[in-house]
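# Observations on the model geometry
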Amino acid sequence: MFEHSDTINKIISKRKLSKGIHELWIFNPFVSRHTKPGQFVIIKVSEKGERIPLTIAETNGDNFRIVVKAVGKSTYELCSLKQGDILFDVAGPLGKPSEVKFYGNVLVIGGGVGIAVIYTIAKALKEVGNKLTIIIGARTIDDLIMKDEFEFADRVIKATDDGSSGQKGTVIDFMEEELRNSKYDIIWAVGPAIMMKLASEAADKHNLPIWVSLNSIMIDGTGMCGGCRTLIKNEKDGEIKYVCVDGPEFDGRYVDWDSFMKRLNQYKEQEKIAFERYLDQIGDISWL
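Before going into details, it helps to say that this report is about the structure given with it.

What counts as what
- Residues numbered from 1 in each chain as written.
- Predicted model: local features only at pLDDT ≥ 70, side-chain atom pairs only at ≥ 80, totals over all residues.
- Heavy atoms only, no water.
- Salt bridge = Lys/Arg side-chain N within 4 Å of Asp/Glu carboxyl O.
- Helix = DSSP H or I, 4+ residues; strand = E, 2+ residues; numbered from the N terminus.
- Buried < 20%, exposed > 50% of the residue type's maximum accessible area, 1.4 Å probe, protein only.
- Polar contact = N/O pair within 3.5 Å; in protein donor to acceptor, adjacent residues only side chain to side chain.
- Contact = heavy atoms within 4.5 Å.
- Axes fitted to C-alpha atoms, helices over the stretch in contact; angles between N-to-C directions.
- Parallel < 35°, antiparallel > 145°, perpendicular 65-115°, else oblique.
- Nonpolar A, V, L, I, M, F, W, Y, C, P; charged D, E, K, R; others polar.
- Arc of directions from axis to C-beta.
- Pairing = 2+ DSSP bridges.

## Some words on the pattern of salt bridges
- A full pass over the atoms with the stated rule returns 14 salt bridges.
- Residue Glu149 is joined to Arg65 by a salt bridge in which the shortest nitrogen-to-oxygen separation is 3.0 Å. Of this pair, Glu149 sits in the loop between β9 (131–138) and β10 (155–160) while Arg65 sits in strand β6 (residues 63–69); the two residues are 84 residues apart in sequence, bridging distant segments of the chain.
- In this structure Arg65 comes out as buried when scored by relative accessible area, which is 2%.
- Here Asp251 makes a salt bridge to Arg253, at a shortest N to O gap of 2.7 Å.

## Considering the side chain of Ser74
- Structurally, Ser74 is set in helix α2 (residues 73–80).
- Ser74 gets classed as buried once you look at its relative accessible area, which sits at 9%.
- A distance of 2.5 Å separates polar atoms of two side chains, one belonging to Ser74 and the other to Glu50.
- Setting aside residues up to four positions removed in sequence, Ser74 forms contacts with Val45, Glu50 and Ile52.

## Structural notes on the packing of helix α5 (residues 193–205) against helix α7 (residues 257–264)
- α7 packs onto α5 with a crossing angle of 175° between their chain directions and a minimal axis gap of 11 Å. Comparing their axes, α7 and α5 come out roughly antiparallel. In this structure, α5 uses Ala193, Ile194, Met196, Lys197 and Ser200 to contact α7, whose residues at the interface are Trp257, Asp258, Phe260, Met261 and Leu264.
- Partitioning the contact of α5 with α7 into residue classes produces seven nonpolar, one polar and two charged.

## Describing α7
- Of the positions making up α7, those classed as buried are Trp257, Phe260 and Leu264. One side of α7 carries all its buried residues, which in axial view fall inside an arc of 65°. Exposed positions of α7 whose direction lies more than 90 degrees from the buried face are Asp258 and Lys262.

## Some points on the environment of Thr222
- Tracing the backbone shows Thr222 in the loop between β13 (210–213) and β14 (229–233).
- Taking the C-alpha atoms as reference points, Thr222 and Val243, separated by 21 residues in sequence, lie 9.4 Å from one another.
- In this structure Thr222 touches Cys244 and Val245, once residues within four positions along its chain are discounted.

## A closer look at unusual backbone geometry
- Following Gly92, the chain continues to Pro93 via a peptide bond in cis, the omega torsion being 0°.
- Structurally, Pro93 is set in strand β7 (residues 89–94).
- Pro248 follows Gly247 through a cis peptide bond whose omega is 15°.
- Locating Pro248 in the fold gives a position in the loop between α6 (243–246) and β16 (249–251).
- The phi dihedral of Met146 is positive, around 55°, even though this residue is not glycine.
- Inspection of the secondary structure puts Met146 in the loop between β9 and β10.
- By relative accessible area, Met146 is classed as buried at 7%.

## Side note on the pairing of strand β8 (residues 105–111)
- Counting buried positions along β8 gives seven out of seven residues, so the element sits mostly inside the fold.
- Here seven bridges tie β8 to β9, and the two strands are oriented parallel to one another. Directly across from Val106, in β9, lies its bridge partner Leu132.
- The pairing of β8 with strand β12 (residues 186–190) spans five bridges and is classified as parallel. The residue bridging Val108 from the neighbouring strand is Trp188, located in β12.

Take a look at the structure:
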């Protein structure tokens, strides 16, 4: 499947899944052999590069898979790398693994690049005997990744906002339909923050636990910097948790989504300036 490599953090395979979304297989025996579903790595492209947290989408022997969407300077740099290039640093596996066990009837939802995140979790849930319904969705057929990789599930619902692939509608539309018509014991939902917020609200109406994977701003990944702190609500007020060590998965019913999404956007202006400078340096990126 892959070329042989004995160079740690070498990109041994790269594939474009859709416009601006790329799959990379990376040689790192330690990460690959110790990773459990739901965990992540932090990657640096270069010595002075930004630390990029990315959930591990799959492992195979000494190699692990990530799926990256180019949204800013650092992720564009990562997606611009080629097979054979070597990453400056990979730290991981980090975070707590998903709580994989037998629940019964499980609903798993992936939106956009969140589809890659749910893949390993869903596979592990099926391996321990759960009945699995998977909903994957994106804006258009061009954004719907990995749509043929969930054959192991009992049911797969594919959706696009414009109806260009699968059924027309959002993953939330089909989630709500499933919850009206079928009985589930637990839910996983991973995607953009707004999608996870809406999914959590829907699960709360049905009094169902729902695991979401938070895509926080993160630096060290060990709980030291505090950049990923998140408010998790309880009966009284709330408790500060750190996504890197307490997560990345939390029951979405108790996430303070307003504060979480506000923190996600706090460096938007700086990110915009850095990206514009990057574009000035490299020119056209339409090929990506």
